[in-house]
Amino acid sequence: MISFQNTTVKYPLGNKALDRVSFDIEENEFVYLVGPSGAGKTTILKLILNEIQPTEGSITIDDMEISSKKFKSVTKLRQNIGIVFQDFKILPEANVFENVAVSMRIKGFSSATINSEVNNALKTTGIQDKKEMFPAQLSAGEIQRVAIARAIVGNRPIILADEPTGNLDPKTTWEIMRIFKFLEKTKTIIFATHNTDIVNSMKRRVIVVQNGRIKKDMKKGGYEL
Ligand SMILES: Nc1ncnc2c1ncn2[C@@H]1O[C@H](COP(=O)(O)OP(=O)(O)OP(=O)(O)O)[C@@H](O)[C@H]1O
Ligand SMILES: [Mg+2]
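Source: prediction; values computed, not measured.

Chemist: When you look at the pairing of strand S1 (residues 2-10) in this model, what are you seeing that I'm missing?
Modeler: Look at any regular strand and the pattern is simple: side chains alternate between the two faces of the sheet. For S1 and strand S2 (residues 16-25), the ladder comprises six bridges, and the chain directions are antiparallel. Bridged to Ile-2 within S2 is Ile-25. Connecting S1 to the antiparallel partner S2 that follows it, the hairpin turn spans five residues. Pairing geometry for S1 and strand S4 (residues 56-61), over five bridges, is antiparallel. If you follow Gln-5 over to S4, its bridge partner there is Ser-58.

Next comes the structure, spelled out in structure tokens:
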């Protein structure tokens, strides 16, 4: 479903951030991206979002080459991808409901559709009872639930998570992982993390990136990081 073929990225003012990276991710697969700081994890996620283009090689999603110069459907591509960051990126002046609704409002969906989709997403992440609250009134774990609801609203099949538990305590981290465990049944999830406790206990495929290269690509289970 998501395929990197010899993908190389050289940022204008830097060395190679990725060097001939190749992998295939199947539909509904859950994959960890791990590796030291600066390894290239976020760069991989930015390529999938078409935020940056590779210097060499290609990226295809559902047989569409998004790295091609001819690719013009960036808006449509992003409608299929939800993103969750370490630092949440929630709008402080909007309440929980509106934070989750924002992309659907921009796309012009009817209020009734927005209502039902947003409520579904909030229910999935367990924050439905706080929908009138503002971010300043919520805990970090609750804010991350809002961010995940925003990422899945409107039935997006792909979720990219960049260190989504980085600012959370261990208990809250596991609550958030329980949500990802539910989501993986119906979504393709790429989960970049430094948290070896998560990777070692919720065992899934692990792609280890180091110095812009894939060091290991390990199938579910049978490893310790
Ligand atoms: N905009 C940029 N311009 C130049 N170099 C960049 C840029 N963004 C990232 N890099 C470099 O590319 C390499 C990979 O960075 P990337 O952000 O992908 O790492 P990462 O694995 O996500 O690290 P972390 O775990 O710290 O988030 C690093 O050497 C980084 O300095
Ligand atoms: Mg990163």
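Chemist: Explain the site of ligand 1 here, please?
Modeler: Around ligand 1, a shell composed of Tyr-11, Ala-17, Pro-36, Ser-37, Gly-38, Ala-39, Gly-40, Lys-41, Thr-42, Thr-43 and His-194 is seen. Contact between ligand 1 and Gly-38: an oxygen atom at 2.8 Å from a main-chain N or O atom of the residue. The separation between an oxygen atom of ligand 1 and a polar side-chain atom of Lys-41 is 2.7 Å. In isolation ligand 1 has 640 Å² of accessible area, and contact with the protein removes 60% of it. Per-element accounting of the shell around ligand 1 gives the leading share, three residues, to helix H1 (residues 41-48). Along the lines of polarity and charge, the residues of the shell around ligand 1 split into four nonpolar, six polar and one charged.

Chemist: In this structure, what is going on with the domain arrangement of the protein? I would like to understand it.
Modeler: Interface extent is often summarised as the accessible area lost during association of the parts. Domain boundaries in the protein define domain 1 (1-80 + 158-225) and domain 2 (92-156). Between the C-alpha centres of domain 1 and domain 2 the distance comes to 24 Å. Each side of the interface is counted separately: domain 1 has 16 residues, and domain 2 has 12 residues. Considering only the side of domain 1, the residues that lose the most area to domain 2 are Gln-79, Ile-179 and Lys-187, jointly responsible for 36% of the buried surface there. Put simply, the parts of the chain that give the side of domain 1 that touches domain 2 at least two residues each are helix H2 (74-79), strand S7 (158-162) and helix H6 (170-183). The element that contributes the greatest number of residues to the side of domain 1 that touches domain 2 is H6, accounting for seven residues. Considered class by class, the residues forming the side of domain 1 that touches domain 2 number nine nonpolar, four polar and three charged.

Chemist: I'm lost on the nonpolar core in this one. Help?
Modeler: Across soluble globular proteins, you tend to see nonpolar side chains buried next to one another. Formed by 41 residues in total, the largest nonpolar core has its most connected members in Tyr-32 and Phe-180. Top element by residues in this core is helix H5 (residues 140-152). It accounts for seven residues. For this core, the two domains that each supply at least three residues are domain 1 (1-80 + 158-225) and domain 2 (92-156). Not counting the four nearest positions on each side in its chain, Phe-180 is found in contact with Phe-30, Ile-148, Ile-159, Ala-161, Pro-164, Ile-189 and Phe-191. Counting 29 residues, the second largest nonpolar core, distinct from the first, contains Val-21, Ala-39, Ile-158 and Ile-190.

Chemist: Teacher, can you tell me more about H1 here?
Modeler: Because an α-helix packs 3.6 residues into every turn, residues spaced three or four apart end up facing the same way. Burial within H1 is extensive, with six of its eight residues counted as buried. Every buried residue of H1 is accounted for by Lys-41, Thr-43, Ile-44, Leu-45, Leu-47 and Ile-48. Two residues or fewer past H1, Asn-50 is found with a positive phi of approximately 65°.

Rules and cut-offs
- Throughout this document, residue positions are counted from 1 along each chain, in the order its sequence is written.
- In the order they appear in the text, chains get letters beginning with A and ligands get numbers beginning with 1.
- With the structure being a predicted model, the display of local features is reserved for residues of pLDDT at least 70 and the display and counting of side-chain atom pairs for 80 or more, all residues being used for whole-chain, interface and lining totals.
- Water and hydrogen atoms were dropped before computing side-chain values, which therefore reflect all heavy atoms in the structure.
- By definition, two strands form a pair when at least two bridges between them are found by DSSP.
- Only DSSP runs of H or I with at least four residues qualify as helices, and only runs of E with at least two residues qualify as strands; both kinds are numbered from the N terminus onward.
- Any residue with at least one heavy atom within 4 Å of a molecule or strand is counted as near it.
- Any pair of nitrogen or oxygen atoms within 3.5 Å is treated as a polar contact; in protein, a donor-acceptor pairing is required on top of that, and neighbouring residues in sequence qualify only through side-chain atoms on both sides.
- In these tables, accessible area is a Shrake-Rupley quantity obtained with a 1.4 Å probe, and a residue counts as shielded only by the protein chains included in the view.
- Think of it as three bins: nonpolar holds Ala, Val, Leu, Ile, Met, Phe, Trp, Tyr, Cys and Pro, charged holds Asp, Glu, Lys and Arg, and polar takes everything else, Gly as well.
- Domain extents, as shown, originate in an automatic or database domain assignment.
- Residue contacts are defined here by distance: any two heavy atoms, one from each residue, within 4.5 Å place the two residues in contact.
- The term buried area means the drop in 1.4 Å probe accessible area that two parts suffer when joined, counted for both and summed.
- Note on terminology: a nonpolar core comprises buried Ala, Val, Leu, Ile, Met, Phe, Trp, Tyr and Cys residues joined through side-chain atoms within 4.5 Å.
- Buried means the residue's accessible area, taken with a 1.4 Å probe over protein chains only, is under 20% of the maximum for its type, while exposed means over 50%, and partly exposed covers the values in between.

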